[in-house]
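Report on the structure
Take a look at the letters that make up each chain.
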Number of protein chains: 2
Amino acid sequence: MTDAHRPTDAEARALADGLLRRCTHLALATLAGGAPHVSRVGCAWIEDAGLLILASDLATHAANLAADDRCSAMVEGAAGKGDVLTHPRLSLMGRAPLADKGAHRDAFLAARPKASLFYDFGDFRLRRIVVERAELVAGFGAAYRLGPSDLPGAAS
Amino acid sequence: MTDAHRPTDAEARALADGLLRRCTHLALATLAGGAPHVSRVGCAWIEDAGLLILASDLATHAANLAADDRCSAMVEGAAGKGDVLTHPRLSLMGRAPLADKGAHRDAFLAARPKASLFYDFGDFRLRRIVVERAELVAGFGAAYRLGPSDLPGAAS
């Protein structure tokens, strides 16, 4: 199979970084007994912490992550005009270990004020997406592979 | 764990059916060597065929599905105002076997005229999402489980 990916350059890194920093929600893929499961989860990029997701234990993805924290997340730019298939999006692959809900509370709520309605509920847990690799689609036919060094704040 | 799901009723079935029939793209979760992978794929609901996705062999999800056709797909309503986390969305779980690209050509292109730019490319394949079960989120805290009988056109 031809490798259709372009060499990852500064422009691709900047686009990926911007998608991460601005995302308010993502499509989260988890494992349900080894089979794929995808659902919507709210998130925020927090400086010095990276990409955090807030999920209720009542949601299927929470049970999936509790059993196996491997995940993939797709983040996209704000809905613009035209064909969604040409809009930039970033697929992240990695793990989502639990994060310190108390330590990140102020920063998360500063970024997502609406989450104050449920952040303190006992069934809500914070996880951090630790990115091992990523795929960026900048537009139709414009795909890039990114490694940890291309996404410094999200991979450590 | 408490089951937070509501009893599936006619209103939930109608909402799920509408999301399926109107979706133009979806977030597709596949397995990459047993780990989750999620990416954007174009789709169309075709009467008597169900939910069809069109993907290039150059995309990671195509290689993933060729190795293991288990998948999950999240479809959403058109981007509206307000908090995305309150918007209806439907997570489908099942398989995506290859479909007959020639047989569905006219119907797919009638539904997605822009796909005529690449539908006939040799690296594009059509797959049908055969739904085994689904989860509907109608709004914040309003979750439903659906089985094949709740989504008659998508499950057979």
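Our subject is the structure listed above.
Before going into details, it helps to say that this report is about the structure given with it. Predicted model only: the values in this text are computed from it and were never measured. (Residues numbered from 1 in each chain as written. Chains lettered and ligands numbered in written order. Predicted model: local features only at pLDDT ≥ 70, side-chain atom pairs only at ≥ 80, totals over all residues. Heavy atoms only, no water.)

Things to note about the overall build of chain A
- For chain A, the helix and strand inventory stands at four helices and eight strands.
- For chain A, the C-alpha radius of gyration of 16 Å lies close to 15 Å, the compact-globule estimate for 156 residues.
- The dimensions of chain A, computed from C-alpha atoms along their principal axes, are 50 × 35 × 30 Å.
- Scored against the burial criterion, the 156 residues of chain A give a buried share of 49%. (Helix = DSSP H or I, 4+ residues; strand = E, 2+ residues; numbered from the N terminus. Rg over C-alpha atoms; globule rule 2.2 N^0.38 Å. Buried < 20%, exposed > 50% of the residue type's maximum accessible area, 1.4 Å probe, protein only.)

Digging into the interface of chain B and chain A
- Counting from both sides, the interface comprises 40 residues of chain B and, opposite them, 40 residues of chain A.
- Both sides of the chain B and chain A interface together cover about 3300 Å² of buried area, and 67% of this is carbon and sulfur.
- When the buried area of chain B at its contact with chain A is split by residue, Pro36, Val38 and Arg40 of chain B rank highest and sum to 21% of it.
- Note that Arg40 of chain B and Glu76 of chain A form a salt bridge whose closest N and O atoms lie 2.5 Å from each other.
- On inspection of chain B and its partner chain A, the count reaches ten residue pairs in polar contact (both at pLDDT 80 or more). (Contact = heavy atoms within 4.5 Å. Buried area = accessible area lost by both parts, 1.4 Å probe. Salt bridge = Lys/Arg side-chain N within 4 Å of Asp/Glu carboxyl O. Polar contact = N/O pair within 3.5 Å; in protein donor to acceptor, adjacent residues only side chain to side chain.)

Focus on the packing of aromatic side chains
Residues and elements named next belong to chain A.
- Counting across every chain of the model gives six aromatic pairs over all chains.
- Taken together, the ring pairs in this structure connect Phe118, Phe121 and Phe124 into an aromatic cluster.
- For the cation-ring pair, Lys101 lies above Tyr119, with the distance from its terminal atom to the ring centre recorded as 5.7 Å. (Phe/Tyr/Trp six-rings, centres within 6.5 Å; stacked < 30°, edge-to-face > 60°. Lys NZ or Arg CZ within 6 Å of the ring centre and 35° of its normal.)

Observations concerning the pattern of salt bridges
- With the rule as written, the count across this model stands at 21 salt bridges over all chains.
- The closest approach of N and O atoms between Asp57 of chain B and Arg125 of chain B, which form a salt bridge, is 2.9 Å. Highlighted residues: Asp57 of chain B in the loop between strand E4 (50-56) and helix H2 (60-67) and Arg125 of chain B in strand E7 (residues 124-139), separated in sequence by 68 residues.
- On the basis of relative accessible area, Arg125 of chain B is assigned to the partly exposed category, the value being 41%.
- Among the charged side chains, a salt-bridge network with shared partners connects Asp17, Arg21 and Glu47 of chain A.

Observations concerning unusual backbone geometry
Residues and elements named next belong to chain A.
- Its identity is not glycine, yet Asp48 carries a phi of approximately 70°, on the positive side.
- Looking at the secondary structure, you find Asp48 in the loop between strand E3 (35-46) and strand E4 (50-56).
- Of the residues examined, Asp48 reaches a relative accessible area of 82% and is grouped as exposed.

Brief notes about the relation of the copies chain B and chain A
- Superposition of chain B onto chain A requires a rotation of 180° combined with a translation of 0.0 Å along the rotation axis, giving an RMSD of 0.0 Å. Classification of the inter-copy transformation places it as that of a two-fold axis. (Least-squares fit on C-alpha atoms with pLDDT ≥ 70 in both.)

Observations regarding the pairing of strand E5 (residues 70-76) of chain A
Residue and element names in this part refer to chain A.
- With five of its seven residues buried, E5 lies for the most part within the structure.
- In the sheet, strand E2 (residues 25-32) pairs with E5 via three bridges, with the strands oriented antiparallel. Bridging from a neighbouring strand, Ala27 pairs with Met74 of E5.
- Where E5 meets strand E6 (residues 89-95), seven bridges bridge the pair, whose relative direction is antiparallel. (Pairing = 2+ DSSP bridges.)

Here's the deal with the pairing of strand E2 (residues 25-32) of chain B
Residues and elements named next belong to chain B.
- When you tally the buried positions in E2, you get seven out of eight residues, the bulk of the element.
- Taken together, the eight bridges between E2 and strand E3 (residues 35-46) define a ladder with antiparallel strand orientation. The residue of E3 that forms the bridge with Leu28 is Ser39.

Describing helix H2 (residues 60-67) of chain A
- Taken together, the buried positions of H2 of chain A are Thr60, His61, Ala62, Asn64 and Leu65 of chain A.
- Packed against the buried residues of H2 of chain A are E2, E3, E4, E5 and strand E7 (124-139) of chain A together with E7 of chain B.

As for helix H1 (residues 10-22) of chain B
- Spanning 13 residues, H1 of chain B covers 18 Å between terminal C-alpha atoms, matching the ideal 18 Å at 1.5 Å per step.
- Here H1 of chain B has its buried residues at Ala12, Ala16, Gly18, Leu19 and Leu20 of chain B. (Expected span 1.5 Å × (residues − 1).)

Here we look at the side chain of Glu135 of chain A
- Assignment of secondary structure puts Glu135 of chain A in strand E7.
- In terms of polar contacts, Glu135 of chain A uses its side chain to reach the side chain of His37 of chain B, at 2.9 Å.

No statement about biological role is implied by the geometric values presented.
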